[in-house]
Amino acid sequence: MTEKSKILFEEAQRFIPGGVNSPVRAFKDVNLSPLFIREARGSKIYDVDGKEYIDYVLSWGPMILGHCHPEVINAIQRAAERGTSYGAPTRLEIDMAHELAAAFPSIELVRMVNSGTEAVMSAIRLARGYTGREKIIKFEGCYHGHADSMLAKAGSGVATMGIAGSPGVPAKLAELTITLPFNNIAAVESAVDMHGADLAGIIVEPVAGNMGVVPPKSGFLEFLRQITHEHGIILVFDEVITGFRLAYGGVQTMMNIKPDLTCLGKIIGGGLPVGAFGGRKEIMEKLAPLGPVYQAGTLSGNPIAMSAGLETLKILRKHVGRYESLGQKTEALCEKMKNIFSQQKVPVCINRVGSMFTIFFTSDEVFDFHSASKSNTSQFRRFFKGMLDNGINLAPSQFEAAFVSFAHTDEDMEKTIEACASIVKSFS
Ligand code: HOZ
């Protein structure tokens, strides 16, 4: 690890638990100390020692346009000059709500919050308040932020650190969360048989990104839509990662499935802290001040965050055709890496959807958390470290997604492939 990063990490640990403000940043699972970042631009990120990395973390998803996009930065600067927070409504919030409703046909009303966690927490409360029921189904390896009800068998840092239970979450609340294997229709059928009348909602990442990338099997999401509809259960799509990442409008637009509620975050904030949840009018009208389900936030709909998000969405909408080429670029990268692994006889399963991918170090297909967790994590660690040494920044965990941005160039791709080839060669 670079010298200045090491020094800063030591200092950080004196004042911040584990030296980081979110556990996934700590590089704990890869037995390294984290890079401290000085700046980022386009597809590159620079650490405090000035070393350059091609960045496939992209702030864990939001920076689809690349870092420091000039128009987004300009929008932030212009907004900041008009004041940073008013605690009162603005035109920008209407524009954002309009943009989200236009992009997601399932969204009739939408409320802005400050993070994906807050969006999910609020959507779950709303599902419970609307149905008068308490139980929720979630899927193993899916991560929906760190709200109490959502930590059971979760992905992302919870999976990376092997945290089984969740001290601090009241047992009585944890009992209300039923966890099932992703992509398993039979498991959902029997859980709904058993708990149907008590189920407020089923929440799912329609393309899972937090156990590594795991696509839904054909028919799985359609089945969830059908069974929730039949039993009056609220279907919540967590598109915090996938919204505006896989298509303008997310997985539901690509697959033509309308969930009852959708959670958003990441890209819609253009790199600033934002979340949103929205959906059917009849459900959303249960929220205060119209209805009795309370939800609030001092900085919700913050004018700077709205400006960054709106500018990002405006650029994405203008270049909507580029999603396809971004997917193709990512596909070409994955195919070339796949060949390298296969030539060196290192078994991997590379899952890719659009511009998100994960290299699982296993020879088997990865279709749920159980199959993901069969990956050889020591091989992942070796690969991660080698890539980092060669200037390629991947997420420091087997159970995360890599992201490609519009700013990644052909040269970036070539450098990534070269780095991959030299590391994988050393495996044999
Ligand atoms: N969903 C992100 C990781 N998969 C969150 C990043 C964080 O926890 O800091």
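What you see is a predicted model, and the numbers here were worked out from it, not measured in a lab. (Residues numbered from 1 in each chain as written. Predicted model: local features only at pLDDT ≥ 70, side-chain atom pairs only at ≥ 80, totals over all residues. Heavy atoms only, no water.)

Participant: I'd like to hear about the nonpolar core, residue by residue, with values.
Facilitator: Residues Phe 244, Leu 316, Phe 341 and Phe 383 are the most contacted members of the largest nonpolar core, which totals 66 residues. Broken down by secondary-structure element, the contributors of at least two residues to this core are β3 (52-55), α2 (70-80), α3 (91-103), α11 (303-318), α12 (322-343), β12 (356-360), α14 (377-389) and α15 (410-427). The element that contributes the greatest number of residues to this core is α11, accounting for eight residues. Excluding residues that lie within four positions of it along the chain, Phe 341 makes contacts with Val 346, Val 348, Ile 350, Ile 359, Phe 361, Phe 383, Cys 420 and Val 424. Judged by nonpolar contacts, the second largest core, of 42 residues, contains Val 213, Val 214, Val 251 and Phe 399. (Core = buried A, V, L, I, M, F, W, Y, C linked by side-chain atoms within 4.5 Å. Buried < 20%, exposed > 50% of the residue type's maximum accessible area, 1.4 Å probe, protein only. Helix = DSSP H or I, 4+ residues; strand = E, 2+ residues; numbered from the N terminus. Contact = heavy atoms within 4.5 Å.)

Participant: Can you explain the sheet that holds strand β13 (residues 392-393)? Please cite residues and give values.
Facilitator: If you trace the four strands from one edge of the open sheet to the other, you get β1-β2-β3-β13, paired in mixed fashion. The sheet is open, and its two borders are formed by β1 (37-41) and β13, each paired with just one other strand. In terms of strand pairing, β3 meets β13 through two bridges, oriented parallel. Within β13, the position partnered with Asp 55 by the bridge is Asn 393. (Pairing = 2+ DSSP bridges.)

Participant: Describe in detail the pattern of salt bridges, supporting the description with residues and values.
Facilitator: Note on pairing: side chains with opposite charge can pair once their charged atoms come close. Scanning all chains against the criterion turns up 15 salt bridges. Notably, a salt bridge pairs Arg 41 with Glu 39, separated by 3.0 Å at the nearest N-O pair. Look at Arg 41 and you get partly exposed, because its relative accessible area is 45%. The partner of Arg 317 in a salt bridge is Glu 99, and the shortest N-O contact between them spans 2.6 Å. One end of the pair, Arg 317, is in helix α11; the other, Glu 99, is in helix α3, and 218 residues separate them in sequence. Residue class for Arg 317 comes out partly exposed when judged on its relative accessible area of 42%. When its relative accessible area of 11% is taken as the criterion, Glu 99 is described as buried. A single salt-bridge network, built from bridges that share partners, covers Arg 225, Asp 260, Arg 280 and Glu 282. (Salt bridge = Lys/Arg side-chain N within 4 Å of Asp/Glu carboxyl O.)

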